[in-house]
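Observations on chain architecture
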Amino acid sequence: MIRVSTLPGSLRRVLEPFRPCFTTPTFTTFVTLLAGMIVRPGQRTVCGMLAVAGLAGVWHHSRAHRFFAAARWRPDAMGLTVLRLIVGHLTPVGAPLLIAVDDTLFRRCGRKVFAAHWGYDGSLKVAKGNQKLSRGNTFVVAAVVVELPFLDRPVALPVLARLWRRGGPTKTMLARELIELIAAAAGRIVHVVGDGGYVCTELRHLPPNVTPTGPLPSHASLWHVHSDLDQPPRMRRRGRPRVYGARIGTPAELAAATPATPVTVTRYGRATTVQLHHQRCLWRGVFAGRPVRVLVVTEPGQPTIALVTTDLTTPISGIVERYAARWSIEVTFEDAKQITLVGEARNRTQRAVERTVPFRLYTQSVVIVWYHLAGHHPNVVRDRRDRAPWYTTKRHPSYLDMIVKLRRVLIAAQYQAEVPSQPTPEEIHAVRLAWAQAAA
């Protein structure tokens, strides 16, 4: 049986900041379900988390379902607590935050699941020429991208998520709401990176301390910045000051008129030299009179990509690396679906659907924070390579290694005797059997 009093101290210290988000009974349910979700290696339904916690015969299953469907807690409050944990433990003091924004579909079955719809599912494996369509719930997710000392790639930790449904706010509107919450809570500069679907007019309404970055459409119309915008004339003239200069054209025309600069950037774990065409200009269609920077990236054997950002101070190599770090949220979605099994819930009501996926995404972030603070050891990778010798190039832990390590720590803590004594052979055998199942 998983009890709050028997949890390892390292995990209790990570979960203690969440106590103000819940009432006292609900906090106990929260900790129990979170631990049960981590310990269970297979199907992670709501009742499955309760059963693994050893409370299936102690609590009625309605207590677990009521936590998601009716209990008094807000996913945004829980997510902002995760944000404060990440800012306090994983980012340098005062450093800007990098936020990746994207949406993904979690498959759900059943005719009465709230807001379920047929939509594009990029993780679906289909034959060539077939459409990647699945039925489920789509969530817009904002994740903090951080660099961890034991990894050679950035990691995205989900901190806020909102359910999108047809007829409601658009995905870009939901993303703007999430970014505004993060910007207000962080109190520092926030760099936002997203794919082409999130580079739109909603970006005009972001707070001043937020700088968006994303791909520029090939048909975007670019304009030079008029000199009056940088150096207003001393004599006052009638009418508004001039903002737009001569028309540049599309990103391809900008690249043709701007000399290329060779720049070395580090992306996806390796350093490469690319040719960058850089220009400070205006994109009237989205940012109106706000100056932006456009970077056209060309390299042999790769498609040309144009990036736009409102960040006017970061070196151009940093802008390219920032956009490349966006891919970490795609890795996070894959881990959430294949390892954390975020889409395994079986609830149907509105509040339950809106809460279950954020709860599980935030649990994934909690696992990574715990691993950084108390779980990492070189033996983790060595043990994984001993059990899977075909990983000849494995040098760094994956999210699977992190959750397996926490799972073993949780299982071992439940078998510790309340009074100091030597464990019995039966207890040793039970722990070893549980560890083997946890790593399966």
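I will try to describe carefully the structure that is included in this document. Since the model is a prediction, treat every value here as computed from it, not as a measurement. (Residues numbered from 1 in each chain as written. Predicted model: local features only at pLDDT ≥ 70, side-chain atom pairs only at ≥ 80, totals over all residues. Heavy atoms only, no water.)

**So, the overall build of the protein**
Helices and strands together make up the secondary structure of the protein, namely 15 helices and 12 strands. Scored against the burial criterion, the 440 residues of the protein give a buried share of 50%. Restricting the contact set of the protein to residue pairs at least 6 apart, pairs at least 24 apart contribute 64%. Of the roughly 21,600 Å² of accessible surface on the protein, 55% is carried by carbon and sulfur atoms. (Helix = DSSP H or I, 4+ residues; strand = E, 2+ residues; numbered from the N terminus. Buried < 20%, exposed > 50% of the residue type's maximum accessible area, 1.4 Å probe, protein only. Contact = heavy atoms within 4.5 Å. Areas by Shrake-Rupley, 256 points an atom, 1.4 Å probe, with all protein chains shown as cover.)

**A word on the packing of aromatic side chains**
Aromatic ring pairs: the centre-centre distance and the angle between the two ring planes describe each pair. This model, assessed by the stated rule, comprises 14 aromatic pairs. Considering the side-chain rings of Phe27 and Phe30, the 6.0 Å spacing of their centres and the 40° angle between planes classify their relative orientation as tilted. Here Phe30 and Phe27 lie together in helix α2 (residues 24-39), a separation of three residues that amounts to about one turn. The same class applies to Phe27 and to Phe30, which are both buried. Ring centres of Phe30 and Phe359 lie 6.0 Å apart, and the angle between their planes is 80°; on these two criteria the pair is classed as edge-to-face. Highlighted residues: Phe30 in helix α2 and Phe359 in helix α12 (residues 350-375), separated in sequence by 329 residues. Neither Phe30 nor Phe359 differs from the other in exposure class; each is buried. Here a set of aromatic residues connected by ring pairs shows up, and it is made of Phe18, Phe22, Phe27, Phe30, Phe67, Phe68, Trp73 and Phe359. One Lys or Arg, Lys171, reaches over the ring of Trp164 and ends 5.0 Å from the middle of that ring. Over the aromatic face of Tyr244 sits the side chain of Arg284, whose NZ or CZ is 4.1 Å from the ring centroid. (Phe/Tyr/Trp six-rings, centres within 6.5 Å; stacked < 30°, edge-to-face > 60°. Lys NZ or Arg CZ within 6 Å of the ring centre and 35° of its normal.)

**Structural notes on the packing of α2 against α12**
The contact between α2 and α12 brings their axes to 11 Å, and the two run at 75°. By the angle between their directions, the pair α2 and α12 is classed as roughly perpendicular. Between α2 and α12, the residues in contact are Phe30, Leu33, Leu34, Met37 and Ile38 and Phe359, Arg360, Thr363 and Val367, respectively. Partitioned by chemical class, the residues of the contact of α2 with α12 number seven nonpolar, one polar and one charged. (Axes fitted to C-alpha atoms, helices over the stretch in contact; angles between N-to-C directions. Parallel < 35°, antiparallel > 145°, perpendicular 65-115°, else oblique. Nonpolar A, V, L, I, M, F, W, Y, C, P; charged D, E, K, R; others polar.)

**So, the side chain of Thr332**
Checked against the element boundaries, Thr332 lands in helix α11 (residues 327-338). Aside from chain neighbours lying at most four places away, what touches Thr332 is Ala156, Pro158 and Gln364.

**Side note on the pattern of salt bridges**
Pairing between side chains becomes possible if they bear opposite charge and their charged atoms approach one another. Counted by the stated rule, this structure contains 18 salt bridges. Linking Arg267 and Glu299 is a salt bridge whose minimum nitrogen-to-oxygen distance equals 2.9 Å. Linking Arg267 in strand β9 (residues 261-267) with Glu299 in the loop between β11 (291-298) and β12 (305-309), this pair joins segments that are 32 residues apart in sequence. In this structure, Lys394 and Asp401 form a salt bridge, with 2.9 Å as the shortest nitrogen-oxygen distance. Overall, the relative accessible area of 15% leaves Lys394 in the buried class. Each of Asp76, Arg162 and Glu177 takes part in a single network of salt bridges with overlapping partners. (Salt bridge = Lys/Arg side-chain N within 4 Å of Asp/Glu carboxyl O.)

**Overview of the environment of Ile182**
Relative to the helices and strands, Ile182 is located in helix α6 (residues 171-186). With 38 residues separating them along the chain, Ile182 and Val144 place their C-alpha atoms 9.7 Å apart. When near neighbours in sequence (up to four residues on either side) are disregarded, Ile182 contacts Leu83, Ile99, Ala142, Val159 and Leu160.

**Quick notes on unusual backbone geometry**
Notably, Ala115 is not glycine yet its phi reads approximately 60°, a positive angle. One can find Ala115 in the loop between β1 (97-107) and β2 (117-120). Non-glycine residue Ala288 carries a positive phi angle of around 55°. Residue position: Ala288 is located in the loop between α9 (284-287) and β11. In this structure Ala288 comes out as partly exposed when scored by relative accessible area, which is 25%.

**Brief notes about the nonpolar core**
Of all hydrophobic cores here, the largest spans 125 residues; its most connected members are Phe18, Phe30, Trp283 and Phe359. The residues touching Phe30, leaving out its near neighbours within four places in the chain, are Leu15, Phe18, Phe22, Phe67, Met78 and Phe359. (Core = buried A, V, L, I, M, F, W, Y, C linked by side-chain atoms within 4.5 Å.)

**What to know about the side chain of Arg360**
Examined against the element boundaries, Arg360 turns out to sit in helix α12. Buried and unpaired, Arg360 has Glu344 as its nearest opposite-charge partner, separated by 6.7 Å. (Lys, Arg positive; Asp, Glu negative; His and termini not counted.)

**Details of the pairing of β1**
In the case of a regular strand, side chains alternate between the two sheet surfaces. Most of β1 is tucked away, with nine of its 11 residues classed as buried. As paired strands, β1 and strand β5 (residues 190-194) are joined by five bridges and run parallel to one another. Residue pairing in the sheet places Ile99 in a bridge with Val192 of β5. Where β1 lies against strand β3 (residues 133-146), nine bridges are found, and the strand directions are antiparallel. Bridged to Asp103 within β3 is Val140. (Pairing = 2+ DSSP bridges.)

**So, the packing of α12 against helix α14 (residues 399-414)**
Closest axis-to-axis distance for the α12/α14 pair is 9 Å, and the angle between their directions is 75°. Between α12 and α14, the angle is such that the two are roughly perpendicular. Judged by residue contacts, Gln364, Val367, Ile368, Trp370, Tyr371 and Gly375 of α12 engage Tyr399, Met402, Ile403, Lys405, Leu406 and Val409 from α14. Here the contact of α12 with α14 is composed, by residue class, of nine nonpolar, two polar and one charged.

**A closer look at the environment of Cys21**
Take Cys21: it is sitting in the loop between α1 (9-15) and α2. Between the C-alpha atoms of Cys21 and Arg74, which are 53 residues apart in sequence, the distance is 7.4 Å. Look past the residues within four positions of Cys21 in its chain and what remains in contact with it is Arg72, Trp73, Ala77, Met78 and Thr81.

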